[in-house]
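# Observations on chain architecture
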Amino acid sequence: MSAINHHNGFQEDSRRSLEKNPSEDITEKIIATILFCCGLVSVLTTFGIVVIIFQVTFEFFQEVPLADFFLDTKWTPLFAERHFGIWPLIAGTFLTTLTAMAVAIPLGLSSAIYLSEYAQPKVAAILRPAVELLAGIPTVVYGYFALLFVTPFLRNFLPLEIFNAMSAGLMMGVMITPTVGSISLDAIQAVPNSLREGAYALGITKLESIFKVLLPAALSGITASIILGISRAVGETMTVVIAAGQQPKLTVNLMESVETMTAYMAQISGGDSPRGSLNFKTLYAVGAVLFLLTLALNIVSYWISHRFKEKYD
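Scope of this entry: the structure provided in the associated data block.

For the rest of this paragraph, the subject is the overall build of the chain. A tally of helices and strands in the chain yields 13 helices and 0 strands. Starting at the N terminus and walking to the C terminus, you meet the elements of the chain as α-α-α-α-α-α-α-α-α-α-α-α-α. Counting only residues that meet the buried cut, the chain has 38% of its 313 residues in that class. For the chain, contacts bridging at least 24 residues in sequence account for 70% of all contacts bridging at least 6. Accessible surface for the chain amounts to roughly 18000 Å². Of this, 68% is attributable to carbon and sulfur atoms.

If you want it as structure tokens, here you go:
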């Protein structure tokens, strides 16, 4: 009899736990509505930015032909003899970005491999926050460090201009290293230990297992971290404004002064160009190109991360 009463009591408790209190149901709906509104604000903000950028860009191309924008090799919209060729700004952007990634990829990937496979847990617990601390330094500090220390040091060995793409790119690489290293570390640590143990069981060394087993297994995450680092380098402003200069040149010489798309946008944003003028509209035209470049990089990152993603049971 006591067992039957216990069973009935258990069923009653289960029924009560499954039944929702009306006040709890209302609370959940309110929370769901608030979260939906937060997500909607993000979407609407992005949509508004895109609409404004391309609306003014369309007005810009009403005055400047597409051929002049994409085929001309000079960018002098502020001079008496105006040229609107975007390629010098694109060249400066990619020159500093490639230099930055040449630094960030080896440093970030090497630090990720060390922290994941070689460092003791106590050492890794100290080094990882120290590496990620680089991401918290203001970019203006990197810019002045490149201008006042890196450039004078390199000029002892190389014929650099005062403002140059090399110093800016090197400091951007140090700045982006935590981004590449942190995401790559998470991707490597996500690889199951069974793959490591299987590699060791086959008799290969630890270094061989890293390059032949772990890195290929974590390829999607590592690639995503690299593309994310490229996106950040393309969008960097203060470091290149201070260290790379503001001379738009169609060049591949790292020792010369260049101007990136973000540096030009910062220059126009200073307020010297009247609102609604053609010079002001160039800000949005360059911003549209920058937006499309970063969008393309994000799409490629998303595709690669899903195309080469490894799934383990």
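Moving on from the coordinates now.
With that settled, the discussion passes to the nonpolar core. Counting residues in hydrophobic clusters, the biggest one holds 24 residues, and the most contacted among them are Met-172, Ile-176 and Val-240. For this core, the elements supplying multiple residues, two or more each, are helix H4 (87-118), helix H6 (139-154), helix H7 (165-189) and helix H11 (238-243). Per element, the largest residue contribution to this core is 8 residues, and it comes from H7. Each residue touching Val-240, except ones within four places of it in the same chain, is listed here: Thr-96, Ala-168, Met-172, Gly-245, Thr-260, Thr-262 and Ala-263. In this structure, Phe-60, Val-234, Val-286 and Ala-288 belong to the second largest nonpolar core, which totals 23 residues.

So, on to the packing of helix H10 (residues 219-235) against helix H13 (residues 278-307). Viewed as axis vectors pointing N to C, H10 and H13 meet at an angle of 175 degrees, and their least axial separation amounts to 9 Å. For the element pair H10 / H13, the angle class is roughly antiparallel. Across the interface between the two elements, Ser-220, Thr-223, Ala-224, Ile-227, Ile-230, Ser-231 and Val-234 of H10 pack against Leu-290, Thr-294, Leu-297, Asn-298, Val-300, Ser-301, Ile-304 and Ser-305 of H13.

Another point: helix H12 (residues 261-268). Those residues of H12 not exposed but buried are Met-261, Thr-262, Ala-263, Tyr-264 and Ile-268. As for H12, its buried residues are in contact with H4, H10, H11 and H13.

The subject of this paragraph is the packing of helix H5 (residues 121-132) against H7. At a minimum axis separation of 9 Å, H5 and H7 run at an interaxial angle of 140 degrees. Here Arg-128, Val-131 and Glu-132 of H5 come into contact with H7, specifically with Pro-178, Ser-182, Leu-185, Asp-186 and Gln-189. Across the contact of H5 with H7, the residue classes tally to 3 nonpolar, 2 polar and 3 charged.

A word on the environment of Pro-152. Position of Pro-152 relative to the elements: it lies in helix H6. Classification of Pro-152 by relative accessible area gives partly exposed; the value is 38%. Between the C-alpha atom of Pro-152 and that of Ile-162, which follows or precedes it by 10 residues, the distance is 8.1 Å. Those residues in contact with Pro-152, other than ones at most four positions away along the chain, are Ala-146 and Leu-147.

Inspection of every chain in the model, using the stated rule, returns 13 aromatic pairs. With 5.0 Å between their ring centres and 90 degrees between their planes, Phe-69 and Phe-70 make a pair best called edge-to-face. Judged by relative accessible area, Phe-69 falls into the buried class, the value being 1%. What makes Phe-70 partly exposed here is its relative accessible area of 38%.

Let us look at the side chain of Lys-281. Inspection of the secondary structure puts Lys-281 in helix H13. A relative accessible area of 11% places Lys-281 in the buried class. If sequence neighbours within four positions are ignored, Lys-281 has contacts with Val-56, Glu-59, Phe-60, Glu-63 and Gly-276.

To continue, consider a nonpolar patch on the surface. Among the surface-exposed residues, Tyr-114, Tyr-118, Val-123, Leu-127, Leu-207 and Phe-211 lie close enough to one another that they form a single nonpolar patch of about 550 Å² accessible area. For the nonpolar patch, the elements supplying multiple residues, two or more each, are H4, H5 and helix H9 (206-217). Checked against the element boundaries, Leu-207 lands in helix H9.

Further remarks concern empty space enclosed by the protein. Throughout the structure, instances matching the rule amount to 1 cavity of 30 Å³ or more. In terms of lining, the largest cavity is formed by Ser-111, Ala-112, Leu-115, Arg-128, Val-131, Glu-132, Gly-181, Ser-182 and Leu-185. When residues of the lining of the largest cavity are traced back to their parent elements, those giving at least two are H4, H5 and H7.

Basis of the calculations
Along each chain, the written sequence defines residue order, and numbers are assigned to residues from 1. Restriction of local features to residues with pLDDT of at least 70 applies here, the model being predicted, together with a cutoff of 80 or more for giving and counting side-chain atom pairs; totals for whole chains, interfaces and linings are based on all residues. Side-chain numbers here rest on the full set of heavy atoms in the structure, without hydrogens or water. Strands here are runs of E lasting at least two residues and helices are runs of H or I lasting at least four, both read from the DSSP assignment and numbered beginning at the N terminus. Per-residue accessibility, obtained with a 1.4 Å probe over protein chains only, is compared with the maximum for each type, and a residue is labelled buried under 20%, exposed over 50%, and partly exposed between these values. Contacts: residue pairs with any heavy atoms within 4.5 Å of one another. Areas reported here follow the Shrake-Rupley algorithm with a probe of radius 1.4 Å; residue values treat only the protein chains shown as occluding. Take the buried Ala, Val, Leu, Ile, Met, Phe, Trp, Tyr and Cys residues and link them wherever side-chain atoms come within 4.5 Å; each set so joined is a nonpolar core. Orientation is described by lines fitted to C-alpha atoms, with helices fitted over the stretch in contact, and by angles between N-to-C directions that extend from 0 to 180 degrees. With respect to orientation, any angle under 35 degrees is reported as roughly parallel, any angle over 145 as roughly antiparallel, any angle of 65 to 115 as roughly perpendicular, and every other angle as oblique. Residue type decides the class: Asp, Glu, Lys and Arg count as charged, Ala, Val, Leu, Ile, Met, Phe, Trp, Tyr, Cys and Pro as nonpolar, and the leftover types, Gly among them, as polar. Two rings belonging to Phe, Tyr or Trp (six-membered ring only in the last case) form a pair when the distance between their centres is within 6.5 Å. Interplanar angles under 30 degrees mark stacking, angles over 60 mark edge-to-face geometry, and anything in between is tilted. For patch detection, residues must exceed 30% relative accessible area and be free of salt bridges, and they are connected within 9 Å for like charges or within 5 Å for nonpolar side chains (Val, Leu, Ile, Met, Phe, Trp, Tyr). When a carboxyl oxygen of Asp or Glu is within 4 Å of a side-chain nitrogen of Lys or Arg, the pair counts as a salt bridge. Detection works on a 1 Å grid of protein atoms alone, calling trapped sets that fit a 1.4 Å probe cavities and calling open sets with protein on both sides within 12 Å along at least five of seven lines pockets, with lining residues defined by an atom within 4 Å of a point. Grid points are joined across faces, edges and corners, and a volume is the space filled by probe spheres set on the points.

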